[in-house]
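Residue strings, one per chain:
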Amino acid sequence: MSIPQLILVCEDEKHMAETFKAIVMNNLEISNIKLYYTTDLRQNEETLAKTLVEFKLDEETKKYKMENIEVKLLGI
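Residues numbered from 1 in each chain as written. Predicted model: local features only at pLDDT ≥ 70, side-chain atom pairs only at ≥ 80, totals over all residues. Heavy atoms only, no water.

## Topic: the nonpolar core
Consideration 1: Counting residues in hydrophobic clusters, the biggest one holds 7 residues: Cys 10, Met 16, Phe 20, Ile 23, Tyr 37, Val 53 and Phe 55.
Consideration 2: Sorting the residues of this core by element identifies helix H1 (13-25) and strand E3 (52-58) as the ones contributing at least two each.
Consideration 3: Among the elements that line this core, the one with the most residues is H1, at 3 residues.
Consideration 4: Discounting residues that sit within four places of it in the chain, Ile 23 has contacts with Leu 8, Leu 28, Glu 29, Leu 35 and Tyr 37. (Core = buried A, V, L, I, M, F, W, Y, C linked by side-chain atoms within 4.5 Å. Buried < 20%, exposed > 50% of the residue type's maximum accessible area, 1.4 Å probe, protein only. Helix = DSSP H or I, 4+ residues; strand = E, 2+ residues; numbered from the N terminus. Contact = heavy atoms within 4.5 Å.)

## Remarks on the pattern of salt bridges
Consideration 1: Using the criterion set out here, one finds 5 salt bridges in the structure.
Consideration 2: With its nearest N and O atoms 3.7 Å apart, the salt bridge here joins Glu 54 to Lys 56.
Consideration 3: Exposure remark for Glu 54: the relative accessible area of 11% places this residue in the buried category.
Consideration 4: Each member of the salt-bridge network shares a partner with another, and the members are Lys 34, Glu 54, Lys 56 and Glu 67. (Salt bridge = Lys/Arg side-chain N within 4 Å of Asp/Glu carboxyl O.)

## Re the side chain of Thr 51
Consideration 1: Relative to the helices and strands, Thr 51 is located in the loop between strand E2 (34-39) and E3.
Consideration 2: Polar contacts involving the side chain of Thr 51 include one to the side chain of Gln 43, which spans 3.3 Å.
Consideration 3: Residues contacting Thr 51, with those up to four places away along its chain left out, are Tyr 37, Thr 38, Arg 42, Gln 43 and Glu 45. (Polar contact = N/O pair within 3.5 Å; in protein donor to acceptor, adjacent residues only side chain to side chain.)

Next comes the structure, spelled out in structure tokens:
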């Protein structure tokens, strides 16, 4: 079994950051679920392989930053 994945589709990158901030500020994180973000325009790409973003904590600055990630979904 793998960890469940939740993908939030946002309007643009600013909306992704706002959504992430709202989730963190209100303690709405869901344990045992990988949370990814994307935008409607990213989903129009030729391939979906590099359309997801994850927010990761930078250990040096202690701030979150967006990182493009490549995730295999549905065995694709």
